[in-house]
Amino acid sequence: MQITHLCFMLPVDLDEIEPNDHPKQQVPAAMSKKLDMVKGKEKESHRYRHFIEFIRRSLERLCKHRWIGSCRDFPKQRKRDYSVYFQDISGILLSEKLNNNNPRIFSYSELYIGSNGFSQDEILGSGGFGRVYRAVLPSDGTVVAVKCVVEKGDKIEKTFAAELMAVAQLRHRNLVKLRGWCVYENELLLVYDYMPNRSLDRVLFKQQEKTGIAPLNWETRWKIVSGLAGALFYLHEQLETQIIHRDIKTSNVMLDSHYNARLGDFGLARWLDHELQLPTSVPLLSTRSQKFRLAETTRIGGTIGYLSPESFQRNTMATAKSDVFSFGIVALEVASGRRAVDLAYPDEQIVLLDWVRQLSDEGMCLKGRDLRLLEGSYRDCDIERLMHLGLLCSLNSPQLRPTMKWVVEALSSNFVGQLPALPSFQSHPVYISLSSATTTATRTTTTTSTSSAASNSSIYFTATEDTIFLTADNGESKSRSDERVKTFLSVDTPREISYKELVSATNNFSEDRRIAELDFGTAYHGYLDNCHHVLVKRLGMRTCPALRARFSDELRNLTQLRHRNLVQLRGWCTEQGEMLVVYDYSACQLLSHLLFHRRQENTNLALKWSHRYNIMKSLASAILYLHEEWDEQVIHRNITSTAIILDPDMNPRLSCFALAEFLARNEHGPHVIIDPNKSAQGIFGYMSPEYIETAEANTSTDVYSFGVVVLEVVTGRMAVDFRRPEVLLIKKVHEFETQQRSLLELVDARLDGNYDHNELVRLVKLGKACTNSDPNLRPSMRQIVSILDGNDSLLKKVPKPENREEWQIQNACSLSLIRRIQALGIQ
């Protein structure tokens, strides 16, 4: 056996292995033997330290021989502190106690060993800032992809930081998952989940005879486009801050083992506030005389063929509509099986967008389909629909392009009606002008020299076999610093917080910091590190085993999720026997408090209708994220008005994840484990009838709870109120329905008629549909989101009301429990 790479891994924390110099003290004879044992261990530690130091010196001398190659050069001048030699950033879990899936710091050694010394044979691909290697982690055998940036400079380090800070905070099933990172001398490394099927461009464009990869079938292509749309919708609208990817293209769409789309490469990502609109100075690009020439663009980030037309204008910024344009190009590529820019075709067909626009004007879009698709494996209308959608997304005017939320809806089975008509593209400018000097530049297959191009042009091009890249260096040469990274990137992920910090933050849990009772605990607000406004939940009954299990479950569950309408975990504390959960502070009140604890007739204290409706829309979006948009399907099991926290702008955040269940997905859907000993857990009045009987939670269980909250929001009444004869709110609603009384009579009187009638009717019908006793007749959360966006056609499918006998049979368990509670005199 031939050894090609040998890497020595030694402890890097030798400074901590110091013999303790205890002062001599008089101790009882009984303690003498134990002290001798301790001193013996200290001597062993001291000898061990000298042994390791000897090994380090020997390795240094060995590695200095010219015939020995090493992964690290030693400094010329010997230093007394040998602990720095062979020392890199240690692999430390950011959350060791929870052992969750948060990104962690990797050691250079484990990545070096895992990639076989960053062997050429392990290269998966290369990009503008480095190479990507396949690696097998020696710790557990997990296969990962390591993105390695060798050269350093301000631009590259900013790109690395942007990608790290963006991806570390994202949690979506259609985004490449970040496992961690490493900073080592002049190398910056990001570690991602390994994607067995590599990138979409490799599968979509490579010829079958060269790669052995069969063409993607139509069903898989549609799934990939839908997944990419969902990822962009998440980035644009479902986070606290809008993220613009700026580099959407097929080579950045990775494919997992089941060909699910995973968007990656966030090196060009930028953050924007949700309220930011397109600048008014951006001209509408609608005149045919206006042409976009490659040589006229400067300092553009992205890839030619996917860049939106407004990106070619000076002094403009990327917006969500820029990503929509790029998505439209990818959709056209998927439908046609052709690259965005392909020099192998005739001049009029080189640019895919211009060619498909021409086909659209001639009413021959179907002519642009991928001819490799087998006849009968697709419907012509589906291909035409995807091309139509791609052209809508790639319209020249940003204002005319749809949002990604609308695109997700258009790609789903819930979409009703026809897509908006396409304009005539004869009045549109061509995407790229291939005339004069530009034609010469784009036809070449070699990289234009920067020195020769600098005098004639502000950019240079690279035309490779795969695509055309635009490098926006503007002809400038910047000096790059080779200094070691002085400040390590800090990723803001949940951490363990000391009890002392929380005592200081909450003024020792004083009454003036107390906010509310929240899920078996008391909530306090405070300031962590004198800057982060946090909400600290202090659980009661600290010795209760069941409560401690809930505490652990909530921490494990929340660290895996991120959505603008989910409460965001900042940390936890288990010192002093306490169980403390720390959230980012976003509210000072609960939805239940505003609905039920302000029953005064003064309508000024009532929650406004616009706020109520928007709360339900946002809550539905958050639950849809839990059910369909994370790697695992999450069943919350505790959706109540008390679990909804409101910020000062009345934006909701769903909390109370102690009962949540995470169901792993496979190619057949979520994998449900049946446990006959499991019992129903939740808040009475919000639990569905079938869940109370079987204790088997699924998405329809959450839908039922959501429907109860909808009815609470409409009526201003609690789900369970023993002061009322019917006790259960859903029973009151059912009685009104069976008596053929208008459900509008149940509307909260404090609204005083100040509501949108159409929205009110929509919510009432939706609440009733969600609380149907038969789980198969309840709408899905995706349908609910569509309904709340105004798609009332889905409400027409609501079944007939249940009669009194059917309803009582289905809800027998709840009614029996109410009778027993009333018999005990509990109110």
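Here we summarise the structure given alongside this text. Predicted model, so just to flag it, every value in this text is computed and none were measured. (Residues numbered from 1 in each chain as written. Predicted model: local features only at pLDDT ≥ 70, side-chain atom pairs only at ≥ 80, totals over all residues. Heavy atoms only, no water.)

Details of the overall build of the chain
Within the chain, the secondary structure is distributed over 23 helices and 25 strands. Look at the contacts in the chain between residues 6 or more apart in sequence, and 68% of them connect residues 24 or more apart. For the chain, the computed accessible surface area is about 40300 Å², with 49% contributed by carbon and sulfur atoms. (Helix = DSSP H or I, 4+ residues; strand = E, 2+ residues; numbered from the N terminus. Contact = heavy atoms within 4.5 Å. Areas by Shrake-Rupley, 256 points an atom, 1.4 Å probe, with all protein chains shown as cover.)

Focus on the pairing of strand 5 (residues 178-184)
The element strand 5 is largely enclosed, with a buried count of six among its seven residues. Strand direction decides the pairing type here: strand 1 (residues 104-105) and strand 5, joined by two bridges, are parallel. From the neighbouring strand, Ile-105 faces strand 5, where its bridge partner is Trp-181. Here strand 5 runs beside strand 6 (residues 187-193); their pairing, made up of six bridges, is antiparallel. Residue pairing across strands places Val-183 opposite Leu-188, the latter belonging to strand 6. Counting the residues in the hairpin turn of strand 5 and strand 6 gives two residues, including Glu-185, whose phi is positive at 50 degrees. (Buried < 20%, exposed > 50% of the residue type's maximum accessible area, 1.4 Å probe, protein only. Pairing = 2+ DSSP bridges.)

Digging into unusual backbone geometry
Here the phi dihedral of Arg-246 falls at roughly 75 degrees; this positive angle occurs in a residue that is not glycine. Counting through the fold element by element, Arg-246 comes out in the loop between strand 7 (242-244) and strand 8 (253-255). Backbone geometry places Asp-752, a non-glycine residue, at a positive phi of 55 degrees. As for its position among the elements, Asp-752 is in the loop between helix 19 (729-738) and helix 20 (757-770).

Side note on the packing of aromatic side chains
The way to describe two aromatic rings as a pair is by their centre distance and the angle between their planes. Following the criterion strictly, the structure yields 12 aromatic pairs and no others. Between the aromatic rings of Tyr-499 and Phe-509, the centroid separation amounts to 6.3 Å while the plane-to-plane angle is 35 degrees, which identifies the pairing as tilted. Taken together, the residues span a long stretch of sequence, with Tyr-499 in helix 13 (residues 499-505) and Phe-509 in the loop between helix 13 and strand 14 (514-517) at a distance of 10 residues. Comparing Tyr-499 with Phe-509, the two get one shared label, buried. (Phe/Tyr/Trp six-rings, centres within 6.5 Å; stacked < 30°, edge-to-face > 60°.)

A short note on the sheet that holds strand 15 (residues 521-528)
Pairing within the open sheet is mixed, and its six strands lie in the order 13-17-18-16-15-14. Of all strands in the sheet, those bounded by a partner on one side alone are strand 13 (495-496) and strand 14. Taken together, the five bridges between strand 16 (residues 532-539) and strand 18 (residues 580-584) define a ladder with antiparallel strand orientation. Bridging across to strand 18, Val-534 finds its partner in Asp-584.

Observations regarding the pattern of salt bridges
With the rule as written, the count across this model stands at 26 salt bridges. Residue Lys-147 pairs with Asp-265 through a salt bridge whose shortest N-O separation is 3.2 Å. Residue Lys-147 is located in strand 4 (residues 143-149), and its partner Asp-265 is located in the loop between strand 9 (261-263) and strand 10 (270-272); the two are separated by 118 residues in the primary sequence. Judged by relative accessible area, Asp-265 falls into the partly exposed class, the value being 28%. With a shortest N-O distance of 3.3 Å, Glu-737 and Lys-768 are connected by a salt bridge. Linking Glu-737 in helix 19 with Lys-768 in helix 20, this pair joins segments that are 31 residues apart in sequence. A cluster of three or more residues bridged by salt bridges with shared partners is formed by Arg-221, Asp-370 and Arg-372. (Salt bridge = Lys/Arg side-chain N within 4 Å of Asp/Glu carboxyl O.)

Considerations on the environment of Glu-693
As for its position among the elements, Glu-693 is in helix 17 (residues 689-694). As a C-alpha pair, Glu-693 and Ala-812 span 119 residues in sequence and 9.6 Å in three-dimensional space. Residue contacts for Glu-693: discarding those within four places in its chain leaves Gln-810 and Cys-813.

Observations concerning the packing of helix 18 (residues 699-715) against helix 19
In the contact formed by helix 18 and helix 19, the axes pass within 10 Å of each other and the chain directions differ by 75 degrees. Classed by the angle they form, the pair helix 18 and helix 19 counts as roughly perpendicular. Contacts between helix 18 and helix 19 pair Tyr-704, Val-708, Leu-711, Glu-712 and Thr-715 from the former with Leu-729, Ile-730 and Val-733 from the latter. In terms of residue class, the contact of helix 18 with helix 19 is made up of six nonpolar, one polar and one charged. (Axes fitted to C-alpha atoms, helices over the stretch in contact; angles between N-to-C directions. Parallel < 35°, antiparallel > 145°, perpendicular 65-115°, else oblique. Nonpolar A, V, L, I, M, F, W, Y, C, P; charged D, E, K, R; others polar.)

A word on the sheet that holds strand 22 (residues 652-654)
Spatial strand order, 19-21-22: three strands in an open sheet with antiparallel pairing. With one partner strand each, in any of the chains shown, strand 19 (589-590) and strand 22 form the two edges of the open sheet. Here strand 19 runs beside strand 21 (residues 644-646); their pairing, made up of two bridges, is antiparallel. Looking at the pairing, Gln-589 lines up with Leu-646 of strand 21. Where helix 16 (residues 609-628) meets the sheet, its contacts fall on strand 21 and strand 22, and the angle it forms with strand 22 comes to roughly 30 degrees.

Structural notes on the nonpolar core
If you look at the biggest cluster of nonpolar residues, it comprises 141 residues, and the most contacted ones within it are Leu-235, Phe-327 and Phe-706. The contact partners of Phe-706, leaving out residues within four places of it in the chain, are Met-616, Leu-619, Ala-620, Ile-623, Ile-639, Leu-766, Cys-770, Ile-784 and Leu-788. By size, the runner-up hydrophobic cluster in this structure holds 15 residues, among which are Tyr-108, Tyr-133, Ala-135 and Leu-137. (Core = buried A, V, L, I, M, F, W, Y, C linked by side-chain atoms within 4.5 Å.)

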